[in-house]
Amino acid sequence: MLTTVMRSNAASCIGFGGLFVVMPQAVAAFLGTAPVWVIMAVGVILVANGVHLAWASMRPPTKELVAYFSTGDFLWVAATAVLLIAGIWIVNTPAVIAAVVVAVMVGAFGILQLYALKN
């Protein structure tokens, strides 16, 4: 189960990161007021994280590595919550809904990774 969750998380990171890198202006416009350079930077980080996750999913899991990825997932959720509560960058209603859905999915990846590691 852990391998499946990590690979799904990797695909999500690479997919969203690739979208952010290839179409940063469109993503920024969808969100509302996010700077294009921030979208591009987050995209590069997401792609790198996704590649690292995919690589890690091909090796025997370690508690430290799974904790590292889950912490990143939980930081994504927290950052999304801060941006939404403060009304920063994610201001269009469809973007708020999408951000909440993505945050729930990312949080679920973090929880499932920790759960799968224990079992």
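The next subject is the overall build of the chain. Scanning the chain from terminus to terminus reveals five helices and zero strands. Ordered by position in the sequence, the α and β elements of the chain form the string α-α-α-α-α. For the chain, the C-alpha atoms occupy an extent of roughly 40 × 25 × 20 Å along the three principal directions. The long-range fraction of contacts in the chain, counting pairs at least 24 apart against all pairs at least 6 apart in sequence, stands at 72%. Total accessible area computed for the chain in this model is approximately 6,700 Å², and 78% of it derives from carbon and sulfur atoms.

Enumeration according to the criterion identifies one cavity of 30 Å³ or more in this entry. As a volume, the largest cavity reaches approximately 30 Å³. Around the largest cavity, the lining residues are L2, T3, M6, A56, S57, R59 and P61. Among the elements that line the lining of the largest cavity, the one with the most residues is helix α1 (residues 2-22), at three residues.

A positive phi angle, near 70°, is found at W89, a position not held by glycine. Relative to the assigned elements, W89 resides in the loop between α4 (63-86) and α5 (93-118). Given the relative accessible area of 30%, W89 is considered partly exposed.

Time to look at the packing of aromatic side chains. Enumeration over the complete set of coordinates arrives at one aromatic pair. Between Y68 and F69 the ring centres are 5.0 Å apart and the planes differ by 65°, which places this aromatic pair in the edge-to-face class. Since its relative accessible area comes to 45%, Y68 is described here as partly exposed. Residue F69 is classed as buried on the basis of its relative accessible area, which comes to 3%.

Moving on, we get to the environment of F16. Note that F16 resides in helix α1. Considering only alpha carbons, one finds F16 and L2, 14 residues apart in sequence, at a separation of 21 Å. Contacts of F16, omitting those with residues within four sequence positions, involve L46, V102 and M105.

Conventions adopted
Residues numbered from 1 in each chain as written. Predicted model: local features only at pLDDT ≥ 70, side-chain atom pairs only at ≥ 80, totals over all residues. Heavy atoms only, no water. Helix = DSSP H or I, 4+ residues; strand = E, 2+ residues; numbered from the N terminus. Contact = heavy atoms within 4.5 Å. Areas by Shrake-Rupley, 256 points an atom, 1.4 Å probe, with all protein chains shown as cover. 1 Å grid on protein atoms, 1.4 Å probe; cavity = no way out; pocket = protein on both sides within 12 Å on 5 of 7 lines; lining within 4 Å. Points joined across faces, edges and corners; volume = space filled by probe spheres on them. Buried < 20%, exposed > 50% of the residue type's maximum accessible area, 1.4 Å probe, protein only. Phe/Tyr/Trp six-rings, centres within 6.5 Å; stacked < 30°, edge-to-face > 60°.

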